[in-house]
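Structural characterization, general
Spelled out, the chains give:
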Amino acid sequence: MTWKSVFLMIVVNIVSQPVRGCRMRDEGCSAAIPCCGNLACDKGPGAAWGFCRSSGSSAIAAPSKSDSSSRSQSSSIPIFVSSSLPDALCSKEEFITAVTSAGGFGVTPSDEQYRNFVARAVNGQITTKRELAMFLANVIHESAGLTTKEEWGPPAPGTYPNTVGVPGKNYHGRGYIQLTWDYNYKNASMALYGDLRLLNDPDQVKSNDMISWDTAFWYWSAHVHGAAGVQEGNFGTTIMKINGGIECGSSASNPTGARKRLQMYQDVLKAFGLFVSEAQCSNACDCVILTFAAGSQSGGKANGNPALKPAPIANGCSQTYTIKSGESFWLIGKNNGMMVDQLLTLNPSVGDTNKIQSGQSICIRA
C-alpha cells in the first residue's frame, strides 16, 4: 500500500465521520439538532421534533388509537435537554406539601425526588404552574404518592404482548406515570437518549429515579401537553390521555379512579396556591377547575417573593372582566380557563348568554 493510498483512506475516514452534535439514523432531531450527512429530519405535521431518516423516506406514523390501558403509541417526540424548572413554578415546600396531602398517602418525598423532578421537568414542555399541578396530580395517583414505580403485581410475562422489544423482557407499567407497552419503551428511549437502552433494560425505568421522571415527563410531552383543552385548564383531558380507557366513559372498569385524580389535583392546587373553589364537574374526565391564574408565575411564589392574590370585590368576586365587542360567553370562558357552565355559576344574573353586551362587566374569578 502506497503512502498516497494511506493518505486517501485517512481523508475518507475523516470526511465520513459525523459532525459533532449531529444525529445519526433513527436518532431524534429538531431545528436546533440537525441530522448527519445526507439524512433528513423526518417530522410529523406541525411537530417540532422528528427522527433522522434517509432523504425521501418517511417512517413516522401518526399516533394510533389508545390501547386498553389508554397509553397510546407515541409519535416519538424527541427531547434532549436537561435543565432546571424555573424556581417560580414549584418550591421544595410546595412539592412536599402537594405530595403529602394529595391522595392521603402522607409519605414525605426525598430530596432526590425533588431534585430530579426539578431537573427533568423541561422534558415535559411544562411552562405554567397550573399544568405542572396537573402533571404532579397524575403522577401522585399513578405512583401512590411517589411510593411505587412499578405496576402492582407485576403482571405475568405476556400480559402486554412483546412485538418490538427484547425476547424475555416484560414491558409492564414502570416509572412515575407507569410507562407501559414495548413500543412506548422504545419510543421513550429513542426520544430521550437516542438509543434503545430502555428496551434492552426496562427495569431502569423503576430503579433509576431520574429515568422514572424522564419517562413520565416524556409521556406527558408526547401525549398530554398538546392535547386539546390542556392548556385551557381541562384536567379531565389529562385523565383521558393517561388512562381514559380504564377510568372514563360508560364502559370504564375503574370509574372512581378519575374522581380520585380530580380530588388530588385540587389538593395540589391548594399546595401550589392556585386553588379558588371546589370543582363543579359532573364528569371528572371533562373538567376545568377555576384557578387564580394560568401563567408561569401565578399563585405560590413569583421571582422568589410571595405572590399577592387579588383583593376581593363586591359579591365575593375577586376579578371582573369587561366584555368587548364581538366576544361570546364561550370565548370569554375559554380565554380564562373555564367552561360556560362554570362562568355562569359566577354570573347567575346573566341568564341568556346570547344576550351579553359590549361593555358589560362579569365575574371571571371567585
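Here the structure is shown first, and the text comes after it.
Calculation rules
- Residues numbered from 1 in each chain as written.
- Predicted model: local features only at pLDDT ≥ 70, side-chain atom pairs only at ≥ 80, totals over all residues.
- Heavy atoms only, no water.
- Helix = DSSP H or I, 4+ residues; strand = E, 2+ residues; numbered from the N terminus.
- Buried < 20%, exposed > 50% of the residue type's maximum accessible area, 1.4 Å probe, protein only.
- Contact = heavy atoms within 4.5 Å.
- Areas by Shrake-Rupley, 256 points an atom, 1.4 Å probe, with all protein chains shown as cover.
- Expected span 1.5 Å × (residues − 1).
- Bend = angle between axes of the 7 residues up to and from the residue.
- Polar contact = N/O pair within 3.5 Å; in protein donor to acceptor, adjacent residues only side chain to side chain.
- Disulfide = S-S within 2.5 Å.
- Phe/Tyr/Trp six-rings, centres within 6.5 Å; stacked < 30°, edge-to-face > 60°.
- Lys NZ or Arg CZ within 6 Å of the ring centre and 35° of its normal.
- Axes fitted to C-alpha atoms, helices over the stretch in contact; angles between N-to-C directions.
- Parallel < 35°, antiparallel > 145°, perpendicular 65-115°, else oblique.
- Left-handed = near helix turned anticlockwise from the far one by under 90°.
- Nonpolar A, V, L, I, M, F, W, Y, C, P; charged D, E, K, R; others polar.

Points about the overall build of the protein chain
Helices and strands together make up the secondary structure of the protein chain, namely 12 helices and 7 strands. Across the 366 residues in the protein chain, those meeting the buried criterion constitute 49%. In the protein chain, 60% of the contacts between residues at least 6 apart in sequence involve partners at least 24 apart. Here the protein chain has roughly 17,400 Å² of accessible surface; of this, 54% comes from carbon and sulfur atoms.

Observations regarding helix α9 (residues 235–247)
Helix length check: α9, at 13 residues, gives a terminal C-alpha distance of 13 Å against a target of 18 Å (1.5 Å per residue), a shortfall beyond 12%. The sharpest bend along α9 reaches about 75° and sits at Lys241. For α9, the full list of buried residues reads Phe235, Gly236, Thr237, Thr238, Ile239, Ile242, Asn243, Gly244 and Glu247. Check the buried side of α9 and you find it contacts α4 (129–142), α8 (209–224) and α10 (255–272). Here α9 starts with a cap whose side-chain oxygen sits 3.0 Å from the backbone nitrogen of Gly236, and that cap is Asn234. One or two residues past the end of α9 sits Gly249, with phi positive at roughly 90°.

Description of the state of the cysteines
Scanning the entire structure with this criterion turns up 2 disulfides. In this model, Cys248 is linked to Cys285 through a disulfide, with the two sulfur atoms separated by 1.9 Å. The sign of the -80° torsion about the S-S bond sets the Cys248-Cys285 disulfide as left-handed. Placement of Cys248 in the loop between α9 and α10 and of Cys285 in the loop between α10 and β4 (301–302) is noted, with a sequence separation of 37 residues between them. The residues Cys248 and Cys285 share a single accessibility class, namely buried. Paired through a disulfide, Cys281 and Cys287 show a sulfur-sulfur distance of 2.0 Å.

Considering the packing of aromatic side chains
Under the criterion given, the structure shown has 14 aromatic pairs. Relative to Tyr185, the ring of Tyr171 has its centre 5.2 Å away and its plane inclined at 65°; by these criteria the two rings are edge-to-face. Of the two residues, Tyr171 is situated in the loop between α4 and α5 (182–193) and Tyr185 in helix α5; the sequence distance between them amounts to 14 residues. With respect to class, Tyr171 is no different from Tyr185; both count as buried. In this arrangement the basic side chain of Lys129 is found over the ring face of Phe272, its NZ or CZ atom lying 5.6 Å from the centre.

Some words on the packing of helix α2 (residues 92–101) against α10
Between α2 and α10, whose axes approach to 8 Å, the crossing angle comes to 155°. Classified by the interaxial angle, the pair formed by α2 and α10 is roughly antiparallel. Crossing of α2 over α10 shows right-handed handedness. Contacts between α2 and α10 pair Glu94, Thr97, Ala98 and Ser101 from the former with Asp267, Val268, Ala271 and Phe272 from the latter. For the contact of α2 with α10, the residue count by class is 4 nonpolar, 2 polar and 2 charged.

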